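Observations on the model geometry
Read off the chains here:
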Amino acid sequence: IAQTPQICLVTVDTAINKNVVVWEKNLYPAASYNIYKETSLNVFDSIGNIPYSSLSIFTDYASDPTTKSTRYKISGVDSLGNKSPLSNANKTMHLTVNIGINNEMMIIWEWYEGIYDSVFYIFRSASPSYQMALIDSVPSSITSYSDWSYPPADSLCYLIAVHITGGCTPTSPPTFFEYSFSNVSC
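Residues numbered from 1 in each chain as written. Predicted model: local features only at pLDDT ≥ 70, side-chain atom pairs only at ≥ 80, totals over all residues. Heavy atoms only, no water.

Let's talk about the packing of aromatic side chains
Applying the stated criterion across every chain, the model contains seven aromatic pairs. Seen from their ring centres, Tyr 121 and Tyr 179 are 6.1 Å apart, and the 80° between their planes marks the pair as edge-to-face. Taken as a pair, Tyr 121 in strand E10 (residues 119–125) and Tyr 179 in strand E14 (residues 177–181) lie far apart in primary sequence, 58 residues in all. Through successive ring pairs, a cluster of aromatic residues spans Trp 109, Tyr 112, Tyr 116 and Phe 120. Across from the ring centre of Tyr 52, 4.8 Å away, lies the NZ or CZ of Lys 25, which sits over that ring. (Phe/Tyr/Trp six-rings, centres within 6.5 Å; stacked < 30°, edge-to-face > 60°. Helix = DSSP H or I, 4+ residues; strand = E, 2+ residues; numbered from the N terminus. Lys NZ or Arg CZ within 6 Å of the ring centre and 35° of its normal.)

Below is the structure:
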């Protein structure tokens, strides 16, 4: 049976608005990897299989990060088709933005599930087409923020990022990931 791989991080690819699962396959060699998505409380269904020869990144094209967060697990499959136990879960962050009673922008997000540093980074832009700028950071015990910097506007957009402890490098070709991003919310 293949060794149980672990997900390095899950994130949102903001360019295509889809969830992405990343792992380091060289740490957990297998013939292939099964990706699982939580479909009901602690029930994970297989949503894809990635051969060892492929890049160790899986894009969940059925995901909609603007609607909700999603939990994922992974397993290794050996050359005989034997599956390892499922990994620990990793969950994306879901971000919502509202105008508060005092006309502040209220930013609320869910914790990232996985191994991460102890800070959430808050980014803002004037519209979805502009580059995001870091406006503040908060300890990981905080999951809300009131932005008083601008008058409320439908065009203000926000993004939350968390630094993943140690980062990860999927192979073929090597790419380094060190942050998990939430959805963009305007």
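Having put the structure on the table, let's press on.
Considering the nonpolar core
In terms of nonpolar packing, the biggest core is built from 34 residues, with Ile 107 and Trp 109 touching the most fellow members. When residues of this core are traced back to their parent elements, those giving at least two are strand E1 (7–13), strand E2 (18–23), strand E3 (32–40), strand E6 (71–77), strand E8 (95–99), strand E9 (105–109), E10 and strand E13 (157–168). With five residues, the single largest contributor to this core is E13. Excluding residues that lie within four positions of it along the chain, Ile 107 makes contacts with Leu 95, Thr 96, Val 97, Ile 122, Thr 143, Ser 144, Tyr 145, Asp 147, Tyr 158 and Ile 160. (Core = buried A, V, L, I, M, F, W, Y, C linked by side-chain atoms within 4.5 Å. Buried < 20%, exposed > 50% of the residue type's maximum accessible area, 1.4 Å probe, protein only. Contact = heavy atoms within 4.5 Å.)

Focus on the sheet that holds E8
Judged by pairing direction, the sheet is antiparallel, and its three strands sit side by side in the order E8-E9-E12 without closing on themselves. What marks the edges here is a single partner per strand, and that holds for E8 and strand E12 (144–147). Strand-to-strand twist across the sheet, computed as the mean angle between neighbouring axes with direction ignored, equals 20°. One ladder, built from five bridges, connects E8 with E9; its direction is antiparallel. Residue pairing for E9: Thr 96 is matched across the bridge by Ile 108. (Pairing = 2+ DSSP bridges. Axes fitted to C-alpha atoms, helices over the stretch in contact; angles between N-to-C directions.)

Here's the deal with the layout of surface pockets
Size it by volume and the largest pocket reaches roughly 260 Å³. Looking at the largest pocket, it is lined by 15 residues, and the ones nearest its centre are Gln 6, Ile 7, Cys 8, Tyr 28 and Ile 115. Looking at the lining of the largest pocket, the elements that each hand over two or more residues are E1 and E13. With three residues, E13 is the largest single contributor of residues to the lining of the largest pocket. Class assignment of the residues belonging to the lining of the largest pocket gives a composition of eight nonpolar, six polar and one charged. (1 Å grid on protein atoms, 1.4 Å probe; cavity = no way out; pocket = protein on both sides within 12 Å on 5 of 7 lines; lining within 4 Å. Points joined across faces, edges and corners; volume = space filled by probe spheres on them. Nonpolar A, V, L, I, M, F, W, Y, C, P; charged D, E, K, R; others polar.)

Section: the pattern of salt bridges
All told, the structure shown has five salt bridges when counted by the stated rule. For Glu 38, the salt bridge is made with Arg 71, and the minimal N-O distance between the two is 2.9 Å. Of this pair, Glu 38 sits in strand E3 while Arg 71 sits in strand E6, and the two are 33 residues apart along the sequence. An identical accessibility class is assigned to Glu 38 and Arg 71; each is buried. Arg 124 is paired through a salt bridge with Asp 147; the nearest N and O atoms lie 2.7 Å apart. In this pair, Arg 124 sits in strand E10 while Asp 147 sits in strand E12, placing the two residues 23 residues apart along the sequence. Three or more residues joined by partner-sharing salt bridges are found here, namely Glu 38, Arg 71 and Glu 113. (Salt bridge = Lys/Arg side-chain N within 4 Å of Asp/Glu carboxyl O.)

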